[in-house]
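Tertiary structure, described
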Amino acid sequence: GAVVSQHPSRVICKSGTSVKIECRSLDFQATTMFWYRQFPKQSLMLMATSNEGSKATYEQGVEKDKFLINHASLTLSTLTVTSAHPEDSSFYICSARVGDMNTEAFFGQGTRLTVV
Amino acid sequence: GESVGLHLPTLSVQEGDNSIINCAYSNSASDYFIWYKQESGKGPQFIIDIRSNMDKRQGQRVTVLLNKTVKHLSLQIAATQPGDSAVYFCAETRQAGTALIFGKGTTLSVSS
């Protein structure tokens, strides 16, 4: 299957700083990527849809100025958590679906963000 | 809002038993369903999928059943092994290129 690579896998940052998470599709082009957030013992919650060459679409309740998404190429989307606070600590996961077919989504390995 | 739900949060089985994990969905427009397995600290891993024009699909040791009448999805794992211990999520979508919506998940615990 297609491979989605996410980096870093773990990051610890101080409150008030910003953290960038990268999501790459390694063997396919992804015009659309998706960012999820997962708290312990909970499901994946969709944060936003990242669109190559255009603005991301955010889900209700997700602050677009806090979670900056950039999708500058067909293989890379980035999520920047700005002015991070302890409540932003979570597991962030990106995914992509291949082409225009209604098929499975491929997921990155996830990024464990801890804000201290 | 519409979402994919869950019947049981945890399931404990003995090695060798068959496991059944259930999921309810509320959006009748959903036409594609997927089961994912997630191990601790990792991203979801594809198990099996099914489209709305089918009611059963089999894979290796896994079977997915879809009952559109009651909007119910189930995952059956045959001869469950300790390596099957993980959280299992069902997900649904309505069209190509859109995000998957996930259910709450079931933790499967397999004891030897």
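In this text, all values refer to a predicted model and were calculated from it rather than measured experimentally.

Description of the pattern of salt bridges
In a structure, side chains of opposite charge can pair up when their charged atoms sit close to one another. One pass over the structure, following the stated rule, counts six salt bridges over all chains. Residue Arg-24 of chain A is joined to Glu-22 of chain A by a salt bridge in which the shortest nitrogen-to-oxygen separation is 3.5 Å. Residue classification places Glu-22 of chain A among the partly exposed positions, given a relative accessible area of 25%. Its salt-bridge partner being Asp-49 of chain B, residue Arg-57 of chain B comes within 2.2 Å of it at the nearest N-O pair. Residue Arg-57 of chain B is classed as partly exposed on the basis of its relative accessible area of 35%. Residue Asp-49 of chain B is classed as buried on the basis of its relative accessible area of 11%. Taken together, the shared-partner salt bridges in this structure form one network comprising Lys-37, Glu-39 and Lys-42 of chain B.

Concerning the interface of chain B and chain A
If you look at the interface, chain B gives 23 residues, while chain A gives 20 residues. Taken together, the two surfaces of chain B and chain A that pack against each other cover about 1600 Å², and 55% of this comes from carbon and sulfur. Linking chain B to chain A there are nine residue pairs in polar contact (both at pLDDT 80 or more). Counting only elements with at least two residues in the side of chain B that touches chain A, the list comes to β3 (32-38), β4 (45-51) and β8 (86-93) of chain B.

Reading the values: the criteria
Residues numbered from 1 in each chain as written. Chains lettered and ligands numbered in written order. Predicted model: local features only at pLDDT ≥ 70, side-chain atom pairs only at ≥ 80, totals over all residues. Heavy atoms only, no water. Salt bridge = Lys/Arg side-chain N within 4 Å of Asp/Glu carboxyl O. Buried < 20%, exposed > 50% of the residue type's maximum accessible area, 1.4 Å probe, protein only. Contact = heavy atoms within 4.5 Å. Buried area = accessible area lost by both parts, 1.4 Å probe. Polar contact = N/O pair within 3.5 Å; in protein donor to acceptor, adjacent residues only side chain to side chain. Helix = DSSP H or I, 4+ residues; strand = E, 2+ residues; numbered from the N terminus.

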